[in-house]
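A closer look at the structure
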2 protein chains.
Amino acid sequence: MARDVARRAGVSTATVSRVLNGFAGVRADKREAVMRAAQDLGFVANGAARALSTRRFMAVGAVVPNIENEAFVRVLSSFQDRLRQAGYTLVAANAGYDLEDELREATFLLERGVDGLMLVGDIHHPDLHARIARAGIPVVQTFSLSRERPCVGFDNAASAARAANYLMDLGHRRIGVISGLRKDNDRGGARVTGIAAALAARGLRLAPEHDIEISYGIGGGRDGFRQMLAGGPPPTAIICGTDQIAFGAMIEARARGLSIPGDLSVIGHNDSDFAPFLDPPLTTIRIHSVEIGHAAGDHLIARIQGRPMVRLTEIDAELILRASTAPPR
Amino acid sequence: MARDVARRAGVSTATVSRVLNGFAGVRADKREAVMRAAQDLGFVANGAARALSTRRFMAVGAVVPNIENEAFVRVLSSFQDRLRQAGYTLVAANAGYDLEDELREATFLLERGVDGLMLVGDIHHPDLHARIARAGIPVVQTFSLSRERPCVGFDNAASAARAANYLMDLGHRRIGVISGLRKDNDRGGARVTGIAAALAARGLRLAPEHDIEISYGIGGGRDGFRQMLAGGPPPTAIICGTDQIAFGAMIEARARGLSIPGDLSVIGHNDSDFAPFLDPPLTTIRIHSVEIGHAAGDHLIARIQGRPMVRLTEIDAELILRASTAPPR
DNA sequence: TCGCTTCTTGAAAGCGCTTTCAGATAGCCA
DNA sequence: TGGCTATCTGAAAGCGCTTTCAAGAAGCGA
């Protein structure tokens, strides 16, 4: 307790507080006495008392759909870097792609005490933003763009459309999609919409039997492609919601005797660690996770500290060309 | 503020507190009035004030070497499940395989306020446990066993030795190791020690040129195997520190014209998602991450709540046999 | 109806910091 | 030396909850 330090240093708790928080205007001898006393006692301030007194929790919350997902982990990690530099702690929670759960977790964080909140995407429970507003803390959304709320992300529809255009430029006309679950997921939904629009713009369409929605993971990708084949003649190219899905689809395609990219071009999403090492190396849409995390962190810190901040930061995703895509035979 | 709720419901803050914390002994009509008032006002208790008053933070810290590492993420995720069920928040920090950094992050958590702490491994900064003791909170170590401190984990030396014995049973005599960095990492070190001991027990030795230490990742595995080949004739089997390393080594082996498992048997660690999908499917040592996370969570919650708890919980790793291992030619 | 026990309830005292405010001390110039 | 300003410092008042303690209300048996 600060009390003990004060007694040992022969000063008041006010002075202890001033020294430990680096305020100027404490005479050198007292300052040193306090430092030494704190050191001797192994004094560690009580965060709750400090938070109560300053009305600052020095913590920032983040609610992501799945903390086991590589894409979110990477963003959280770089987000945390920035928070840590500014002296803030990250408290992360899992929403599991469910709006009710997201609301529950966010409320939990709000109650626990955070000075800012990071969310993923632009689709949330109708009550969520009211609660955040009541808590009076800044929020930033990531992974997609929003016209209503501050965000750091990219245009999911446009980046997926770019992939579709690239495939069409190669000469593909039958293009399929295997996405993860799209319910309450604006990223997944926007990507499919973007692809469909790009196809439509060139007079093509996304056939329903080539539009597959599955659960994430390698197994999901395998099942998805199997399902696509069951729907009729296969497309000559597919765009997958994650690299894991792409990997699974490639395994299934190979098992069916299709060669990649000869019979089937494949594009993934996220540029996972393993993407360049697949056989063939996977063409994928790289999300600049580190930049998104940093920008989201900087954004929130700035607003917590009362500095002005741009509402929308666009960090474009990038199409990384590798050997899994080629013109159709 | 509870004050506002009290005024609106026509009771005192003491009653508000009693109702909101589910204490019995409040008359039904007042209870309902409080509930309604809290609802109407969208009341969210101030966590700092509550923590200060109860001397409970309702938060648990975890310091792991790398929050981007799949193995740790899985454990953290199941650890969080349990904490969440008990009403606790997880606050995770990154130590980056450096004891000074680990100490710094742990201190940060202690200062911030946590009721318990999870650590990875049994090697820490000499000051760390003194600080934890001063904070008076329980700690649990994971991923390895310890005779000094409460832990939930497995015998890294024994599980790696089991893999080595399996390879020797298949007839391998020249066995290599590619591990991640071992500095300040008792898991990595113990595994190599275990393998060396298993070999010695059968009159074999781990040749220095077959004992490679590299940084984690697929690229690391590739470099590691390249390095091993540069040291002389290759072993007929290798045990890798992670599945990523194994994947990288397999790529390099294939590039050098070695067939797997014909010319080279490969064993990984962790049973990553992609392990069963590699070509050939990877034999690996599966760590029961979910069980470890749950056990660590249960352990800490119990001790926080003053219930007795066993000091050591062993959750054995398991050798998963797949097609990447076979007798040598 | 009275006295005693059992329920309910609110006043008030913390929890351990930060921060304001005013007083004490020191420094400086005339 | 006196008076004024610039520095330092500590007392004390919160911050918003929880929890104790004592008192009032209600219920019960005689």
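Residue positions are given per chain, counting from 1 as you read along its sequence in written order. Whichever chain is written first is A, and whichever ligand is written first is 1; the rest continue in order. Predicted model: local features are reported for residues with pLDDT of at least 70 only, side-chain atom pairs are reported and counted for 80 or more only, and whole-chain, interface and lining totals are derived from all residues. Derived side-chain values reflect all non-hydrogen atoms in the structure, with water molecules and hydrogen atoms excluded from consideration.

**Description of the pattern of salt bridges**
- The term salt bridge refers to a side-chain nitrogen of Lys or Arg lying within 4 Å of a carboxyl oxygen of Asp or Glu. Considering all chains together, one arrives at 44 salt bridges over all chains under this definition.
- In this structure, D186(A) and R187(A) form a salt bridge, with 2.8 Å as the shortest nitrogen-oxygen distance.
- Categorising residues by exposure relies on relative accessible area from a 1.4 Å probe, with only protein chains included: less than 20% of the type maximum marks a residue as buried, more than 50% marks it as exposed, and the intermediate range marks it as partly exposed. Look at D186(A) and you get buried, because its relative accessible area is 14%.
- The residue R202(B) makes a salt bridge to D169(B) at a minimum N-O spacing of 2.9 Å. Here R202(B) is found in the loop between α9 (186–201) and β7 (211–213), whereas its partner D169(B) is found in helix α8 (residues 156–170), with 33 residues between them in sequence.
- Taking the relative accessible area as the measure of exposure, D169(B) reaches 57% and is therefore exposed. By definition, any uninterrupted DSSP run of H or I lasting at least four residues is a helix, any uninterrupted run of E lasting at least two residues is a strand, and each is numbered from the N terminus.

**Brief notes about the side chain of S144(B)**
Residue and element names in this part refer to chain B.
- With respect to the helices and strands, the residue S144 is situated in the loop between β4 (139–142) and β5 (151–153).
- A distance of 3.0 Å separates polar atoms of two side chains, one belonging to S144 and the other to D186.
- Whether two residues are in contact is decided by their heavy atoms, any of which lying within 4.5 Å being enough. Apart from the residues lying within four places of it in its own chain, the contact partners of S144 are G121, D122, C151, V152, G153, F154, N156, D186 and R187. The definition of a polar contact used here is a pair of N or O atoms within 3.5 Å, where within protein one atom must be able to donate a hydrogen and the other to accept one, and adjacent residues in sequence count solely through side-chain atom pairs.

**A few points about the protein's contact with DNA strand D**
- Around DNA strand D, the surrounding shell holds 25 residues, and the nearest of these are T15(A), R18(A), A2(B), S17(B) and S53(B).
- For this description, a residue counts as near a given molecule or strand if any of its non-hydrogen atoms is within 4 Å of it. When the atoms of DNA strand D within 4 Å of the protein are grouped by moiety, sugar and phosphate amount to 65% of the total.
- Between DNA strand D and the protein, one listed contact pairs a base nitrogen with a side-chain N or O atom of S53(A) at 3.1 Å.
- At a separation of 2.5 Å, a sugar or linking oxygen of DNA strand D approaches a polar side-chain atom of S53(B).
- Only α2 (13–20) and α4 (47–54) of chain A together with α2 (13–20) and α4 (47–54) of chain B provide two or more residues apiece to the surface near DNA strand D.
- By residue class, the composition of the surface near DNA strand D is nine nonpolar, ten polar and six charged. Gly falls in the polar group here, along with every residue not listed as nonpolar (Ala, Val, Leu, Ile, Met, Phe, Trp, Tyr, Cys, Pro) or charged (Asp, Glu, Lys, Arg).

**As for the sheet that holds strand β9 (residues 265–269) of chain A**
All names here are of chain A.
- The pairing criterion is simple: DSSP has to find at least two bridges between the two strands. Strand order across the open sheet formed by six strands is β7-β6-β8-β9-β10-β12, with mixed pairing between neighbours. The strands lining the two open edges of the sheet, one partner per strand, are β7 (211–213) and β12 (318–320). Mean inter-strand twist for the sheet, computed between neighbouring axes without regard to direction, equals 15 degrees.
- One ladder, built from four bridges, connects strand β6 (residues 175–179) with strand β8 (residues 237–240); its direction is parallel. Lines fitted to C-alpha atoms define the axes here, with helix axes fitted over just the stretch in contact, and angles between the N-to-C directions of these axes take values from 0 to 180 degrees.

**Some remarks on the domain arrangement of chain A**
Residues and elements named next belong to chain A.
- Looking at the assigned domains, one finds that chain A contains domain 1 (2–45), domain 2 (57–154 + 289–316) and domain 3 (156–286).
- In this document the domain limits rely on a domain assignment from an automatic tool or a database. For domain 2 and domain 3, the distance between their C-alpha centroids amounts to 29 Å.
- Between domain 2 and domain 3, the contact holds 15 residues from the first and 14 residues from the second.
- Roughly 1200 Å² of surface becomes buried between domain 2 and domain 3 when both sides are summed, with 43% attributable to carbon and sulfur atoms.
- We define buried area as the total accessible area lost by two parts upon association, computed with a 1.4 Å probe and summed across both. The largest share of the area that domain 2 buries against domain 3 comes from E70, Y97 and F154, three residues that together contribute 41% of it.
- A salt bridge links R162 to D316; the shortest N-O distance between them is 3.3 Å.
- Counting every contact that joins domain 2 to domain 3 gives eight residue pairs in polar contact (both at pLDDT 80 or more).

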